[in-house]
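Each chain, letter by letter, is given below.
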Amino acid sequence: MGELEDAVMTRVWKWNRPVTVREVLEDLRQERSIAYTTVMTVLDNLHQKGWVRREAEGRAYRYEAVSTRAAYAAALMNDAWSQSDNPAAALVAFFGMMSEEQRHALQDAVRIVDGPSAENPDSASRGGGR
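No experiment lies behind these values; they were computed from the predicted model shown. Position numbers for residues start from 1 in each chain and track the written sequence from start to end. The model is predicted, so local features are restricted to residues of pLDDT at least 70 and side-chain atom pairs to those at 80 or more, both for listing and for counting; the totals for chains, interfaces and linings are taken over all residues. The basis for the side-chain values is all heavy atoms of the structure; hydrogens and waters are excluded.

Colleague: Describe the overall build of the chain, and please don't skip the residues or the numbers.
Modeller: Helix and strand assignments come from DSSP, with helices taken as H or I runs of at least 4 residues and strands as E runs of at least 2, each series counted from the N terminus. Counting its secondary structure elements, the chain contains eight helices and two strands. For every residue, the accessible area obtained with a 1.4 Å probe (protein chains only) is divided by the maximum for its type, and the residue is called buried under 20%, exposed over 50%, and partly exposed between those limits. Expressed as a percentage of its 130 residues, the buried residues of the chain come to 21%. Pairs at least 24 apart in sequence give 38% of the contacts found in the chain among residues at least 6 apart. Per-residue and other accessible areas were derived by the Shrake-Rupley procedure at a 1.4 Å probe size, with only the shown protein chains allowed to occlude residues. Approximately 9,200 Å² of the chain is accessible, and the part contributed by carbon and sulfur atoms is 53%. Residue contacts are defined here by distance: any two heavy atoms, one from each residue, within 4.5 Å place the two residues in contact.

So this is what it looks like as structure tokens:
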């Protein structure tokens, strides 16, 4: 996703509701000079790429995100990781770039994915601790 696409999607994700080209345009104009047709083209491109869905409203469309920003970030990470010829080394390098806060978030995420049995391995062998 390009810089302008990201700026548009940031608003769509933040507002978490169907938006018009005009709404996005007015918000973007607080930061930069941009034309209505440019925002319309970006939203159309995002629709063609599958990042937003749109519904006609009169002569215009309302656009809504298809997935969350977290899902987009996960797709980027998965794509980058899958292109590595050494996934383990890529992960080690990635973890080395993380802040302590990010590493804690990663540990929390792994615990969520692994579920309660991973926190107490004995509970699985005892029938879930019943």
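Colleague: I'd like a rundown of unusual backbone geometry, residues and numbers included.
Modeller: Even without being glycine, N16 reaches a positive phi, approximately 50°. Residue N16 is classed as exposed on the basis of its relative accessible area of 68%.

Colleague: Account for the packing of aromatic side chains, with residues named and values stated.
Modeller: Working definition: an aromatic ring pair is given by the centre-to-centre distance plus the angle between the planes. In this scheme Phe, Tyr and Trp rings, the latter by its six-membered ring, pair at centre separations within 6.5 Å, and the angle between planes marks the pair as stacked below 30 degrees, edge-to-face above 60, and tilted otherwise. Counting across every chain of the model gives four aromatic pairs. Geometrically, the ring pair formed by W13 and Y72 is tilted, given 5.7 Å between the ring centres and 35° between the ring planes. Of this pair, W13 sits in helix α1 (residues 3-15) while Y72 sits in helix α4 (residues 69-82), and the two are 59 residues apart along the sequence. Look at Y72 and you get buried, because its relative accessible area is 11%. Cluster of aromatic residues (ring-pair linked, three or more members): W13, W51 and Y72. Each ring is checked for a lysine NZ or an arginine CZ that lies within 6 Å of its centre and within 35 degrees of its normal; such an atom marks a charge sitting over the ring. Over the ring of Y61 we find R54; its NZ or CZ atom is 4.2 Å from the centre of that ring.

Colleague: Just give me the short version of the nonpolar core, but keep the residues and values in it.
Modeller: Residues grouped as a nonpolar core are buried Ala, Val, Leu, Ile, Met, Phe, Trp, Tyr and Cys residues, joined through side-chain atoms within 4.5 Å. Residues V8, M9, V24, L28, V39, L43 and L46 are the most contacted members of the largest nonpolar core, which totals 20 residues. Those elements that place two or more of their residues in this core are α1, α2 (21-28), α3 (36-49) and β2 (60-65). Among the elements that make up this core, the one with the highest residue count is α1 (five residues). In contact with L43, not counting residues within four places along its chain, are V8, V21, V24, V52 and Y63.

Colleague: Help me get a handle on the environment of E23, residues and values and all.
Modeller: Within the secondary structure, E23 is located in helix α2. E23 sits in the partly exposed class, given a relative accessible area of 24%. The spatial distance from the C-alpha of E23 to the C-alpha of V39 is 10.0 Å, given a sequence separation of 16 residues. Not counting chain neighbours up to four residues away, the residues in contact with E23 comprise W15, R17, P18 and R62. Residues adjacent in sequence count toward polar contacts only when both atoms are side-chain atoms; beyond that, a polar contact is any pair of N or O atoms within 3.5 Å, and within protein one must be able to donate a hydrogen and the other to accept it. Here R17 takes part through its side chain, which lies 3.2 Å from a polar atom of the side chain of E23.

Colleague: Got a sec to walk through helix α6 (residues 100-114)? Specific residues and values, please.
Modeller: Along an α-helix, a turn takes 3.6 residues, which lines up residues three or four apart on a common side. Multiply 1.5 Å by the residue count of a helix minus one, and that product is the helix's expected span. Over its 15 residues, α6 runs 21 Å from end to end, which matches the ideal 21 Å to within 8%, given 1.5 Å per residue. Note on α6: the residue one or two positions beyond its end, G115, has a positive phi of about 85°.

What is shown is where atoms sit, not what they do.
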